[in-house]
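For reference, the chains in residue letters:
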Amino acid sequence: MIKNIFFRTILFLLLTLGLKAYSQYTNIPLGYNFNNFLGAEIHQKINHTSFKPLITNSVNINIDSLIESNFYSDNRILSHRFFNKHLMRIKGQDYLINASLISNLALGYESYDSKNTFTNTRGFLIDGYIGDKLSFQTSFVENQSVFPNYVDSLIRTPTQDYVIPGQGRGRTYYNDGFDYAKSSGFLSFEASENFTIQFGHGKHFIGDGYRSLLLSDNSFNYPFLRLRTHFGKFEYTNLYAELQDMKNYLSYDNGYDYMGYAKKYMSSHFLSFSVNSKLSLGIYESVIWRNNHALGANGFDINYLNPIIFLRPVEFSINSPDNVLMGLNLKYEANAKSFLFAQIVLDEFRLADLKKRNNHFANKYGYQIGYKCFDFLSIPNLSFHLEQNFARPFTYSHWNNANYGHYNEELAHPLGANFIENIILLNYRFKRFYSNFQYSFIKYGADYPNDSLSFGSNIFVEYTNPVSDSPSGLIIGNDLYAGNKTKVNFLKLNTGIVLNPTTNLKLEFSILSRILESETNESKTLFYSFSLRSDLFNHYYDF
């Protein structure tokens, strides 16, 4: 009840207060490739780049001007509005509405298994503003897909349970395909020059790398309330979200007073500080707590609405069994065209065991380190990205189902935990033509098939006692890569032409090679595809 009143009040304020105002702003899409062509401008002109999506009223760039300068063509066909702007625009004295169709129409072929694949995505994107304080965006896509076998196999596992990576739960489409849909949207209200409120249904990302160990857009959308405050060298973000635990379906039949997937909630704080002109530091904390499923009980804990950072004392004061995650985010500008970035995530730790280096299962932590350069080797529009990610076994898991996951997917890294990953990305663009190259080497410890023991990669595995009950059966000696040692070599090359930079509509050819070797299995994938797609959202199939 408290939760419903709280969110309805915020929505009412957004709708009513915003109508009294008159400067356009919205969110920059999360898509890695869309952000990459803006990357140099973002890096040079913005102090706080780590909490995404970036709100354009808080950044010193003009996206329309950047698109025009980077993709302008004197070709009579390519200079037409259809290849540069939104499909429709309605503009008045104090309002603007843009609308476009978005798509992913793809045909593919998996050579080793002689399998034909396809994706048929149709949808729309609408955004705009009313006055200078209220903006909005909404999108919807409907999809039918037949995936390469390695993706198809993941979707059909009991853990994934027919959830399409990052795109919601699907249903079978004929025998070997899936039908699924996704909607997103938000209202954004600029309460003052220093304070912005957003309320909607979507995703977020914290960090400056390709992956994030703090919060990423790997999982499905969730309802959220985002409060952004910036003052001087500081930017402070509060994020409140409602998540779903799909492992527990509640109904009247099994003694609950409502029906649907079990709910859990997230309260996160991120404080970004510009130490100087080169170094920025971010402090992150998040708590996830499960709903109280007792009949008639209210599971939304109002204590976690505390907007001030450092929830650990609050958690301790209420004798909480909830899952608190803490982390650091760093970015250092090496020069005007390059920067170093890093993250440290700390889930749980036992200092005595950490000093002994005995690999206690409750010592859960990870790190990220990387480097990115624009105009690499002094070649215009060539970017280079190098990154390593690491997470100890059982990081993000929790003993009472308050794991760091949503909708059967990880809120941070798609590999879960118990892994190390190295990534190289090269992206080049000449006018509207582009090529993207990715190589990833992954090593992780998986669980053995048909074995109840967990070795720390699956964050959704339950255990009953946070001190003495280890899912692997070992309290100490939980080494990295413990379990079914697995190696993955992943290589992908995309090349094509940008037909419309506003929606990042591309005509693209892609080739993908994936080799997986483990103690129990070996699989190879060689996959080709040709697509017409709007590349605004990240879909992670590189695992």
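Since this is a predicted model, take the numbers as computed values, not measurements.

Here is what the cut-offs are and how they apply
- Residues numbered from 1 in each chain as written.
- Predicted model: local features only at pLDDT ≥ 70, side-chain atom pairs only at ≥ 80, totals over all residues.
- Heavy atoms only, no water.
- Pairing = 2+ DSSP bridges.
- Helix = DSSP H or I, 4+ residues; strand = E, 2+ residues; numbered from the N terminus.
- Patch = residues over 30% accessible without salt bridge, like charges linked within 9 Å, V, L, I, M, F, W, Y side chains within 5 Å.
- Areas by Shrake-Rupley, 256 points an atom, 1.4 Å probe, with all protein chains shown as cover.
- Salt bridge = Lys/Arg side-chain N within 4 Å of Asp/Glu carboxyl O.
- Lys, Arg positive; Asp, Glu negative; His and termini not counted.
- Charge placed at Lys NZ, Arg CZ, Asp CG, Glu CD.
- Buried < 20%, exposed > 50% of the residue type's maximum accessible area, 1.4 Å probe, protein only.
- Polar contact = N/O pair within 3.5 Å; in protein donor to acceptor, adjacent residues only side chain to side chain.
- Contact = heavy atoms within 4.5 Å.
- Arc of directions from axis to C-beta.
- Expected span 1.5 Å × (residues − 1).
- Bend = angle between axes of the 7 residues up to and from the residue.
- pLDDT = per-residue confidence, 0-100.

Caption draft 1: Spatial organisation of the pairing of strand β23 (residues 433-446). As paired elements, strand β22 (residues 419-430) and β23 share twelve bridges and run antiparallel to each other. Residue pairing in the sheet places Tyr428 in a bridge with Ser435 of β23. Counting the residues that bridge the hairpin from β22 to β23 gives two residues, and of these Lys431 lies at a positive phi of roughly 55 degrees. Relative to strand β24 (residues 484-500), β23 runs antiparallel, the two sharing 14 bridges. Across the sheet, residue Lys443 finds its bridge partner in β24, namely Lys487.

Caption draft 2: How the structure looks around a positive patch on the surface. There is a patch of like positive charges on the surface, built from Arg81, Lys85, Arg89 and Lys91. Structurally, the position occupied by Lys91 is in strand β2 (residues 88-91).

Caption draft 3: The arrangement of the side chain of Ser510 in detail. Considering the arrangement of structural elements, one finds Ser510 in strand β25 (residues 505-518). With a relative accessible area of 5%, Ser510 lands in the buried category. Among the polar contacts listed, one links the side chain of Ser510 to the side chain of Asn494, at a separation of 2.7 Å. Setting aside residues up to four positions removed in sequence, Ser510 forms contacts with Lys492, Leu493, Asn494, Phe527, Tyr528 and Ser529.

Caption draft 4: Broad picture of helix α3 (residues 63-71). Buried within α3 are the following residues: Ile63, Leu66, Ile67 and Phe71. Each buried residue of α3 sits inside an arc of 100 degrees when the element is viewed along its axis, so together they form one side. With respect to the buried face of α3, the exposed residues turned more than 90 degrees away are Glu68 and Ser69. Elements in contact with the buried residues of α3: α2 (32-45), β22 and β24.

Caption draft 5: Spotlight on α2. Its 14 residues place the ends of α2 19 Å apart at the C-alpha level, agreeing with the 20 Å of an ideal helix rising 1.5 Å per residue. The largest bend in α2 is about 60 degrees, located at Leu38. Contacts from the buried residues of α2 go to α3, β16 (323-335), β17 (338-348), β18 (364-373), β19 (382-391) and β22.

Caption draft 6: Local environment of unusual backbone geometry. The omega torsion across Lys52 and Pro53 is 10 degrees, close enough to zero to call that bond cis. Non-glycine residue Phe394 carries a positive phi angle of around 75 degrees. With respect to the secondary-structure elements, Phe394 resides in the loop between β19 and β20 (405-406). Take Phe394: its relative accessible area is 2%, and that puts it in the buried class. Non-glycine residue Tyr407 carries a positive phi angle of around 60 degrees. Mapping Tyr407 onto the fold places it in the loop between β20 and β21 (409-410).

Caption draft 7: Region of interest: the side chain of Asp347. Along the chain, Asp347 falls in strand β17. Buried and unpaired, Asp347 has Lys364 as its nearest opposite-charge partner, separated by 4.6 Å. At a separation of 2.7 Å, a polar atom in the side chain of Asp347 contacts the main-chain amide nitrogen of Tyr396. Sequence-distant contacts of Asp347, defined by excluding residues within four places in its chain, comprise Asn323, Val324, Leu325, Lys364, Phe394, Thr395, Tyr396 and Ser397.

Caption draft 8: Region of the structure containing the confidence of the model for the chain. For the chain, per-residue confidence averages 86 on the pLDDT scale, and residues scoring 70 or more make up 85% of the total. Between residues 293-298, whose pLDDT stays under 50, and residues either more than four places distant or in other chains, the model counts 14 contacts. In this model, residues 464-468 is a region of pLDDT below 50 whose contacts with residues beyond four sequence positions or in other chains number eleven contacts.

Caption draft 9: Structural detail: the pattern of salt bridges. In total, this model carries twelve salt bridges according to the counting rule given. Linking Asp542 and Arg211 is a salt bridge whose minimum nitrogen-to-oxygen distance equals 3.5 Å. Here Asp542 is found in the segment after β26 (522-534), whereas its partner Arg211 is found in the loop between β11 (205-206) and β12 (222-231), with 331 residues between them in sequence. For Arg211, a relative accessible area of 2% corresponds to the buried category. Note that Arg533 is salt-bridged to Asp535, the shortest N-O span being 3.5 Å.

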